[in-house]
Amino acid sequence: IQAGALIELDQYLDKMPDFEKRFDEIIPYWRIPGNGKLYKWETSIPRKLDSDIEVNDVMVRTDALEKQGWPNLLSTDSWIAFLRQAVKDFPTTNDMPTIGMTAPFAESWGLAGIAPILYEKSDKYLPLSNEGFTFNVQTDKFEDYFKNPYVKESYQFFNQLYREGLLDKECFTDTHDKTIEKLQQGRAIAAWYVIWNQTTANAALIENGHPEMQYIRLPVQSNTSVANNEKRAIRMETTRPFDSHGITKNCKYPERVIELLNWACTDEGQIIIRSGLEGVHWKRENGKRVPTETFIKAKQDPEFNNTQGLGLFSFLANFNLLAEDGQPHDLSCEMEYIDNLSLTDRQKEAYKALGWENSVDWYIKNGVFAWTGLAGSIYIDPASELGKVHQKMTELRVKYSAKMITAESDEEFEQIYNEAMAEYEKLNPEAVIYEFNRLYEEAKKQLNN
């Protein structure tokens, strides 16, 4: 936008009635980067369905749960006790030592993002970045990331796992692919955060003759959150700046792209893009769209879907709303089908044994939808002086993360934590958090205008 590379879209809005109707609540947010003019749209929003529960907590082996009588785990203490017993029950897996908990902490988002992330399991905070701030949805304010008490509890949780030999010794050098490899072997009783790998891991376990080991997702909260009977804030994104799209001035026929974009916002467009063709991917029975075997195979097999194209055109428009027939455009978002399309028989058996009605039952009953609003689009220019301080805040937190996790005692943990905080205060982090809140208030005024 700043480089003048994108076409202003306001001149085409009269040709995009369906686009304008779908995104009427969000377009004002998209105008902010253009100082009131519209240059872009974002995908994967709005999302307003009960099935829109994107949470990355813990994936855990079902045979270990069954061995302990299907416990309903939640607090970090309950997870530690479970893992302690699980590695006793299963000391080896496929002739290799069993790992209690694994995680890809070597990734850029590892120690920076998912190691301290117990804060997002509370009812107060949303994960908007892996940088120097968290966002409190109850006070509508940015707060300091490193000083968040749930962040400290997160480090203490991993430190306890480390001291008991339950944390994967290689997690600090493991990238995502190494974590997937261990999950495909079933070596880890549990994995932290990387829930999206369930399908890949379970397919490998079935192929290797171990369907009983399959992983499912279960929730986790800090001991404090459980003691306070806190709900689980479920992030609902008002905006997704990282999924932005526009039309460049190099486009020879922008009005044709506009026509296609508007069609993608109609029920017909969304159903074809998301659920495919009538008679091929779905059919109508008693007025309802019902998925065919081709649809089910496409949703369960990414390679096959590359020949079908369901959901592969999300850059046009991609939102989870109900069509006029009362069903989601994407049938895999319908509660009636969601588990049947995504879960194996073993996973369904596990959730039933736990007393869950479906795979998102706990989250529906114990979660609260929390919208990111404008907060998700606030940033400080990284080239500015405060931007450089913000970078140092993040770097210092990451630098001390592994040290705290590998402390040999509670006393050593506190010593390292206090040392980190003393060094952290020298950066004057309050000035950065103040600036985030100032920019946030400015953006609110701009949105109102």
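Residues numbered from 1 in each chain as written. Predicted model: local features only at pLDDT ≥ 70, side-chain atom pairs only at ≥ 80, totals over all residues. Heavy atoms only, no water.

## Remarks on the sheet that holds strand β5 (residues 99-102)
Here comes step 1: Pairing within the open sheet is mixed, and its four strands lie in the order β5-β9-β2-β10. Here the strands that pair on one side only, and so sit at the sheet edges, are β5 and β10 (215-218). Between one strand axis and the next, the sheet turns through 20° on average, direction left out of account.
Here comes step 2: Inspection of the sheet shows strand β2 (residues 58-61) paired to strand β9 (residues 188-192) by three bridges, in the antiparallel sense. (Pairing = 2+ DSSP bridges. Helix = DSSP H or I, 4+ residues; strand = E, 2+ residues; numbered from the N terminus. Axes fitted to C-alpha atoms, helices over the stretch in contact; angles between N-to-C directions.)

## Focus on a nonpolar patch on the surface
Here comes step 1: Together, Ile272, Leu277 and Val280 make up a nonpolar patch on the protein surface, roughly 220 Å² of accessible area in all.
Here comes step 2: Note that isoleucine 272 resides in helix α11 (residues 267-275). (Patch = residues over 30% accessible without salt bridge, like charges linked within 9 Å, V, L, I, M, F, W, Y side chains within 5 Å. Areas by Shrake-Rupley, 256 points an atom, 1.4 Å probe, with all protein chains shown as cover. Salt bridge = Lys/Arg side-chain N within 4 Å of Asp/Glu carboxyl O.)

## Thoughts on the packing of helix α6 (residues 149-163) against helix α18 (residues 410-425)
Here comes step 1: In contact at an axis separation of 11 Å, α6 and α18 are set at 140° when each is read in the N-to-C sense. Seen along the crossing, α6 lies across α18 with a hand that is right-handed. Residues Lys152, Tyr155, Gln156, Asn159 and Arg163 of α6 touch α18, and the partners they reach there are Asp410, Phe413, Glu414 and Tyr417.
Here comes step 2: Along the lines of polarity and charge, the residues of the contact of α6 with α18 split into three nonpolar, two polar and four charged. (Left-handed = near helix turned anticlockwise from the far one by under 90°. Contact = heavy atoms within 4.5 Å. Nonpolar A, V, L, I, M, F, W, Y, C, P; charged D, E, K, R; others polar.)

## Thoughts on α11
Here comes step 1: Most of α11 is tucked away: seven of the nine residues are buried.
Here comes step 2: Looking only at α11, the buried set comprises Asp267, Gly269, Gln270, Ile271, Ile273, Arg274 and Ser275.
Here comes step 3: Lining the buried residues of α11 we find α1 (17-22), α10 (254-264), β13 (282-285), β14 (288-291) and α12 (293-300).
Here comes step 4: Phi for glycine 276, located one or two positions after α11, is positive at around 90°. (Buried < 20%, exposed > 50% of the residue type's maximum accessible area, 1.4 Å probe, protein only.)

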